[in-house]
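Below are the chains, spelled out letter by letter.
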Amino acid sequence: MPTATRTDAFQCVASLAEVTKIGLHTVYVDDQVIVLVHHENRVYALDNRCPHMGFPLDKGSVADGILTCHWHHARFDLCTGGSFDLWADDTPSFPVEVRDGDIFVDATILRPSLAQQKERLQVGLERNLSLVLAKGVISLIDESQDSRTPFAAGLEFGTRYRMQGWGQGLTMLTCFQNLLPSLRPEDRSKALTHGLAAVAADTAGRSPRFLVSPLPGGSPELPLLKQWFRRFITVRDDEGAERCIVTALRAGAGPQEMADMLFSAATDFRYIDVGHPLDFTNKAFEALDIVGWAQAEQVLTSLVPGYAAARRMEESNAWRNPIDLIVLLREAFSQIPDALTAGASHRGGWQGRAALVPVLLEDDPQASISALLAALTAGATEVELASTVAYAAALRIARFHTSNEFGDWDTALHTFTFANAVHQGLRRLDGYSAPDGYLPLLRGVFDAAMSIYLDRFLNIPAARLPQSVARNGSTPSLPALEGLLNQQQQVNQAGSAVGDYLFRGGDAVELRAELAGLLLREDRDFHTIQSVEAAFCQHDLLLAGGAPADEVVYVLVAAARYLAAHSPTARAQGQTFGIARRLHRNEKLFEG
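Residues numbered from 1 in each chain as written. Predicted model: local features only at pLDDT ≥ 70, side-chain atom pairs only at ≥ 80, totals over all residues. Heavy atoms only, no water.

Visitor: I'm lost on the overall build of the protein in this one. Help?
Guide: Across its full length, the protein carries 25 helices and eleven strands. Over its C-alpha atoms, taken along the principal directions, the protein stretches across nearly 95 × 70 × 40 Å. Taking contacts inside the protein between residues at least 6 apart in sequence as the whole, the part at least 24 apart equals 73%. Per element, the accessible surface of the protein, about 23900 Å² overall, is 50% carbon and sulfur. Each charge class in the protein was averaged separately, 52 positive and 69 negative side chains, and the resulting centres sit 2 Å apart. (Helix = DSSP H or I, 4+ residues; strand = E, 2+ residues; numbered from the N terminus. Contact = heavy atoms within 4.5 Å. Areas by Shrake-Rupley, 256 points an atom, 1.4 Å probe, with all protein chains shown as cover. Lys, Arg positive; Asp, Glu negative; His and termini not counted. Charge placed at Lys NZ, Arg CZ, Asp CG, Glu CD.)

Visitor: What is the right way to read helix 23 (residues 526–544) from this model?
Guide: The periodicity of an α-helix, 3.6 residues per turn, causes residues three or four positions apart to be oriented the same way. Over its 19 residues, helix 23 extends 27 Å from the first C-alpha to the last, a length consistent with the 27 Å expected when each residue adds 1.5 Å. A large share of helix 23 lies buried, amounting to 15 of its 19 residues. Looking one or two residues beyond helix 23, the residue adopting positive phi is Gly546, at roughly 65°. (Expected span 1.5 Å × (residues − 1). Buried < 20%, exposed > 50% of the residue type's maximum accessible area, 1.4 Å probe, protein only.)

Visitor: Would you mind going over the nonpolar core with me for this structure?
Guide: Soluble globular proteins tend to bury their nonpolar side chains together. Judged by nonpolar contacts, the single largest core of 152 residues is most densely connected at Phe229, Met258, Leu262, Leu300, Val445 and Phe446. It is helix 24 (residues 549–565) that contributes the most residues to this core, 13 residues altogether. Core analysis: the second largest hydrophobic core is formed by 14 residues, Leu24, Val37, Ala74 and Leu78 among them. (Core = buried A, V, L, I, M, F, W, Y, C linked by side-chain atoms within 4.5 Å.)

Visitor: Where do I start with the sheet that holds strand 7 (residues 66–68) in this structure?
Guide: Two orientations exist for strands paired in a sheet by backbone hydrogen bonds: parallel and antiparallel. One open sheet accounts for three strands, arranged 6-7-8; its pairing is antiparallel. What marks the edges here is a single partner per strand, and that holds for strand 6 (61–63) and strand 8 (75–77). On average, adjacent strands in this sheet sit at an angle of 30° to one another, irrespective of strand direction. Strand direction decides the pairing type here: strand 7 and strand 8, joined by three bridges, are antiparallel. (Pairing = 2+ DSSP bridges. Axes fitted to C-alpha atoms, helices over the stretch in contact; angles between N-to-C directions.)

Visitor: What is the right way to read the packing of helix 2 (residues 114–127) against helix 4 (residues 148–160) from this model?
Guide: When two helices pack together, their arrangement is captured by the angle between the axes and the distance separating the axes. The interhelical angle for the contact between helix 2 and helix 4, taken along N-to-C directions, is 40°, at an axis separation of 10 Å. Here helix 2 is positioned oblique relative to helix 4, judged by the angle of their axes. In terms of crossing hand, the pair formed by helix 2 and helix 4 is right-handed. Along its contact with helix 2, which presents Leu114, Lys118, Leu121, Gln122, Leu125 and Glu126, the element helix 4 presents Thr149, Pro150, Ala153, Gly154 and Phe157. Per-class residue counts for the contact of helix 2 with helix 4 are six nonpolar, three polar and two charged. (Parallel < 35°, antiparallel > 145°, perpendicular 65-115°, else oblique. Left-handed = near helix turned anticlockwise from the far one by under 90°. Nonpolar A, V, L, I, M, F, W, Y, C, P; charged D, E, K, R; others polar.)

Visitor: Teacher, can you tell me more about the side chain of Gln177 here?
Guide: Following the sequence through the fold, Gln177 ends up in helix 5 (residues 168–179). If we ignore the near neighbours within four places in the chain, the residues touching Gln177 are Ser147, Phe151, Leu192 and Ile290.

Visitor: I keep staring at the packing of aromatic side chains and nothing clicks. Help me out?
Guide: Here a ring pair, both rings aromatic, is described through the centre-centre distance and the interplanar angle of the planes. Counted under the stated rule, the structure contains twelve aromatic pairs. Pairing Trp409 with Tyr562 gives two aromatic rings, centres 5.6 Å apart and planes at 85°, and the pair type is edge-to-face. Of this pair, Trp409 sits in helix 18 (residues 408–428) while Tyr562 sits in helix 24, and the two are 153 residues apart along the sequence. Each member of the pair, Trp409 together with Tyr562, is buried. By way of ring pairs, the aromatic residues Phe263, Phe285 and Trp293 are connected into one cluster. (Phe/Tyr/Trp six-rings, centres within 6.5 Å; stacked < 30°, edge-to-face > 60°.)

Visitor: It is not clear to me how the pattern of salt bridges should be interpreted in this structure. Could you clarify?
Guide: Opposite charge on two side chains lets them pair, provided their charged atoms get close. Scanning the entire structure with this criterion turns up 29 salt bridges. Across the salt bridge formed by Arg75 and Asp85, the nearest N and O atoms sit 2.8 Å from each other. Of this pair, Arg75 sits in strand 8 while Asp85 is found in the loop between strand 8 and strand 9 (93–94), placing the two residues ten residues apart along the sequence. A residue is classified by how much of its surface remains accessible, and Arg75, at 36% relative accessible area, is partly exposed. With a shortest N-O distance of 2.9 Å, Arg353 and Glu551 are connected by a salt bridge. Of this pair, Arg353 sits in helix 15 (residues 353–360) while Glu551 sits in helix 24, and the two are 198 residues apart along the sequence. The two residues Arg353 and Glu551 agree in class, both being buried. (Salt bridge = Lys/Arg side-chain N within 4 Å of Asp/Glu carboxyl O.)

Below is the structure:
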């Protein structure tokens, strides 16, 4: 294969006679392979790698100004490199000049502009094209360290083009964005590709959403809008509820006021749709933290369909029999104001966390409720109480016995992610003076405690937790999790390895990077992504709060066990991303 001779920006790469004779001819120019195509008395130059899978385009054929790759039959305009098959993406084309019987090519590669990268992301989202999405994300993150642009594109698309509103795709996207600081740099573009591909899959074939307008004229007071909003959700009127949100936002309602409105409605009924709507609400506010409050109308109204259509545990036999948990909770809620008043003078001095956790894990729902009320009376803050319940929920996963039905992993997961979302929501509302006298979201702490009670059989018998061991002064090596997760059901082994490593003084930052990288190695699983992200969030908060070492360790043990239970997968999505990255790096995929 000939190499090029440089003269200014153009380089002499071949003779016209040679290319005319062969028709399709490859040359090396600046370490890249270019295919020269002689067709209808003109010469064209294109990147020889098919942008779809890297197959050599010189092995294809030309007719009527179109070059067809013979691998998956993608078709390209010879002049521009534009593809007629959007799943293949466009291929770079280069200017050509013929001088005195020689062919000169300007092989300068022009980096796509931000507008072009955004367009590529838009096409990938519209057509549900993971490979195209991966290319756009890799360019933005690996070259520009810009994660906000692809995240914002996915958020805008997902909230606009799914009539059913916020769903799993947007939750996964936000989870991956939250995981970016824990990931190794080389894994970050893969994480956002997973997230955007989840949004594309979740919106494929769906009808778009259209925002309602605010109420005309002057806006009612926010407390009245909140009252209406909750009433409309009660009667499953999503349209009226959406109009309340838009009206409140146009009237200037801020993040805490809107969080109180939405979290109140999400906890007016017990543990709706096994916690998903409340978790989605938490993720929606986290997404707005990233992109800015200007997107609040589109984002927050997308939550309403999930509220209005949700199944309520008042309708669930498990919550009504043999013990009517709904009745117990109603009585407890009536006692919350008095408990908060009694505990107001003791706030900041509550020391009952260690004693409360085992009560929550026992077989007595009334004892759990009484203990929660007693904690408030003793001065526990809403956030402290929610943190304790979230940790107890994590222990259900850390102690989940593998003799249970496989699907029961999701039961424990739902409780944990719901409890984590309640915790994050109360942290967001910390310091807010609720018009109701107390934060209605506090009811979610009691709901989570009842779900922990209902999950008690998942810990009978309880899996053994790793125990603290004496440190020998040396830094332990990362556990061999990659090998473990190449095999099915290495749950206990993975949990023990993580616990032993951390108790021996292992680096939690490195461990989290390893766990998150292994999560990305697998094909997307909504609940596994939720479990790892929520565990990392709880881990951060426990560390920041100076929690006991065993609590800090056990939330990561829970994440490792859940991930191991759901590994290995086919890993097809990682294969697609790997192709995109190799193409981006100008690597040869098929050429000898």
